Amino acid sequence: RNLPVSDGLDIAQRCGVLTFGTNRGELAWAIRRGDDLLEWRRMDGKKWKHGGKSDSWVGRPGAKRRLVGSHLLGEYENVMMTEGGPDFISAFVALEIEGAVAEWGIVGLVGSHPLDPEDVELLSGRRVRIAAHDENDFKATHTWKGQLRSVGCKVEPLDLEGKDLDEWVAAGWEVFHG
């Protein structure tokens, strides 16, 4: 996805949310939450031969409904929330490039569905910046804002102007300090 060279991918891998391997005979990377491999993407950027419109291969059905990276939040007051695997990983690259590792936690959803009530509670009282890049994300962001504000979060939508987060990062636009 044309991300700049940084230690962000290494950080994501060490945090246990990114892994590499082979799926369906193709070299791929995957977003993981614990033992669940939520979403596979081919390393060559091509679509899987599953007949769907998506370029991802979904792991165990239903596993995508919870936040990824929630185990990393600890006491972070600032949280970047993304939708989709590529944007989630791009956030780690931006985090490292911008030197914001000590200031921001990162969570992501692999899908634009409402937040699970346990995840809403986990984010309670924090500042949450939501990266949205398309119409589905904008609709989901509206839902997420309501859910998060109900538990005292300060919500800041980050309008990516129709671009993916990786495009922002590759162009050098700031995500955490901007």
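Computed from a predicted structure; not experimentally measured.

Enquirer: What is the right way to read the side chain of Ser90 from this model?
Expert: Its location among the elements puts Ser90 in helix H2 (residues 85-97). Assessed through its relative accessible area of 1%, Ser90 is described here as buried. Looking at Ser90, its side chain comes within polar contact range of the main-chain oxygen of Pro86, at 2.8 Å.

Enquirer: Help me out: how do you make sense of the pairing of strand E6 (residues 104-109) in this one?
Expert: Residues in a regular strand point their side chains to alternate faces of the sheet. Most of E6 sits inside the fold, with six of its six residues counted as buried. Burial along E6 is two-sided: the residues Trp104, Ile106 and Gly108 and Gly105, Val107 and Leu109 are all buried. Where strand E5 (residues 78-83) meets E6, six bridges bridge the pair, whose relative direction is parallel. Counterpart to Glu83 in the pairing with E6 is Leu109. Once you follow E5 into H2 and on to E6, the crossover reads as right-handed.

Enquirer: Hey, could you run me through the nonpolar core in this one?
Expert: Most often, soluble globular proteins keep nonpolar side chains buried together rather than apart. Among the nonpolar cores identified, the biggest contains 28 residues, and Ile31, Met80, Phe88, Val175 and Phe176 are the most heavily contacted of them. Counting residues per element, this core draws most heavily on H2, which supplies seven residues. Excluding its chain neighbours within four sequence positions, the residues that come into contact with Met80 are Ala91, Trp104, Gly105, Ile106, Val107, Arg129, Ala131, Leu158, Val175 and Phe176. By size, the runner-up hydrophobic cluster in this structure holds 17 residues, among which are Leu67, Met81, Val120 and Ala140.

Enquirer: Whenever I open this one, the environment of Ser112 confuses me. Can you help?
Expert: The residue Ser112 is located in the loop between E6 and helix H3 (117-122) in this model. Exposure remark for Ser112: the relative accessible area of 35% places this residue in the partly exposed category. Considering only alpha carbons, one finds Ser112 and Trp144, 32 residues apart in sequence, at a separation of 9.5 Å.

The rules behind each value
- Residues numbered from 1 in each chain as written.
- Predicted model: local features only at pLDDT ≥ 70, side-chain atom pairs only at ≥ 80, totals over all residues.
- Heavy atoms only, no water.
- Helix = DSSP H or I, 4+ residues; strand = E, 2+ residues; numbered from the N terminus.
- Buried < 20%, exposed > 50% of the residue type's maximum accessible area, 1.4 Å probe, protein only.
- Polar contact = N/O pair within 3.5 Å; in protein donor to acceptor, adjacent residues only side chain to side chain.
- Pairing = 2+ DSSP bridges.
- Right-handed = clockwise from strand over helix to strand, strands pointing away.
- Core = buried A, V, L, I, M, F, W, Y, C linked by side-chain atoms within 4.5 Å.
- Contact = heavy atoms within 4.5 Å.

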